[in-house]
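Reading the structure
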Amino acid sequence: MTETINPISETFLFHSIQHFSIPHGEPRYQPLHRHPDTAELLLVTEGHVHCKIGTHSYSLPSGTALFVPSGFWHELDYPAAPKQSGYRLSFASPHLKPDLVTDVPRVIQVDDLVGIIPLFARLEQENEQPHPNSRITHHLIGLISALLDRSTDTQNSLDSRETIRLVKHYMEEHHYRSLLLDDLAAKFALNKYQLSRLFKQHTGMSPLQYLISCRMETAKQLLATTETAVASISFCVGYKSATQFQAAFKKSVGTTPRLYRIASTKES
């Protein structure tokens, strides 16, 4: 019978693992170095570690992780604290998900710290007692990567949800202005394609549709509660002409601004 090998398990080549535990408030420093052929994963389980990768500096509190891509110069600073502990894992993988190891690494908030620590401990055990069949180390690193991948997806989802909330808030307050998609995206450090995709994902509509809805809701409020001329309202809600506004209003609301005002007056 031919043994089936999971190809995923063969994509992670284990190199080494170091468990660090620095008690009694002792500072420690790992000078500038790099690993040309292996990536490094730093997991902080207690304390606070500072890492500099190239020109970028990172602060890692307890419960966070950071991938250092292969070939990147980096240094580690363990400031004095009641206790510093965690793991440094070195491995090679040509198929590691780009979201985790990028040109500009990011600190990952680990969702399941209790679940991921035993995986590092088992890797440490495998390192101390090597076995001819090292396939288990590939599986362990793959599982660690999958858990961090899940944490990254969760973090990205939370980050994008907050970004879109801020975009909506900005549009609600500035819908009277001429808001171009490129300018709006740049304001929130996105490109227009990212903004459109994320906005649709979180709201179910495009940025333009939301902008129009903001304008229409304001227009309905002004029509129902003031005697402001329709032409003036059109400029108040961001339209360059009354004709353009009336066409947009009828398409969105189903009636003309004048008839909407009449109906609103009768209801009140």
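An account of the accompanying structure is given in this report. (Residues numbered from 1 in each chain as written. Predicted model: local features only at pLDDT ≥ 70, side-chain atom pairs only at ≥ 80, totals over all residues. Heavy atoms only, no water.)

We now examine the overall build of the protein chain. Counting its regular elements, the protein chain contains eight helices and nine strands. When the 268 residues of the protein chain are sorted by exposure, 37% land in the buried category. For the protein chain, the share of sequence-separated contacts (at least 6 apart) that also reach a separation of at least 24 residues comes to 72%. Summing over all exposed atoms, the protein chain offers an accessible surface of approximately 15300 Å²; the carbon and sulfur share of this is 54%. (Helix = DSSP H or I, 4+ residues; strand = E, 2+ residues; numbered from the N terminus. Buried < 20%, exposed > 50% of the residue type's maximum accessible area, 1.4 Å probe, protein only. Contact = heavy atoms within 4.5 Å. Areas by Shrake-Rupley, 256 points an atom, 1.4 Å probe, with all protein chains shown as cover.)

Moving on to helix α1 (residues 113-128). In this model, α1 (16 residues) spans 23 Å end to end at C-alpha, consistent with the 22 Å of a helix rising 1.5 Å per residue. By the burial criterion, the buried members of α1 are Ile116, Leu119, Phe120, Leu123 and Glu126. The arc that holds every buried residue of α1, seen down its axis, measures 115°, which confines them to one face. When the buried face of α1 is taken as reference, the exposed residues oriented beyond 90 degrees from it are Val114 and Glu128. (Expected span 1.5 Å × (residues − 1). Arc of directions from axis to C-beta.)

As a further point, take the side chain of Ser160. Residue placement: Ser160 occurs in helix α2 (residues 135-174). Under the relative-accessibility criterion, Ser160 is labelled buried at 9%. For Ser160, the residues in contact, after removing those within four places along its chain, are Leu198 and His202.

This next bit is on helix α8 (residues 257-267). Looking at α8, one finds that the buried residues are Pro257, Arg261 and Ser264. Looking down the long axis of α8, one finds its buried residues gathered within 65° of arc, a one-sided arrangement. Summarising the geometry of α8, the exposed residues directed more than 90 degrees from the buried face are Arg258 and Lys266. In this structure, the buried residues of α8 make contact with α5 (207-225), α6 (230-236) and α7 (242-253).

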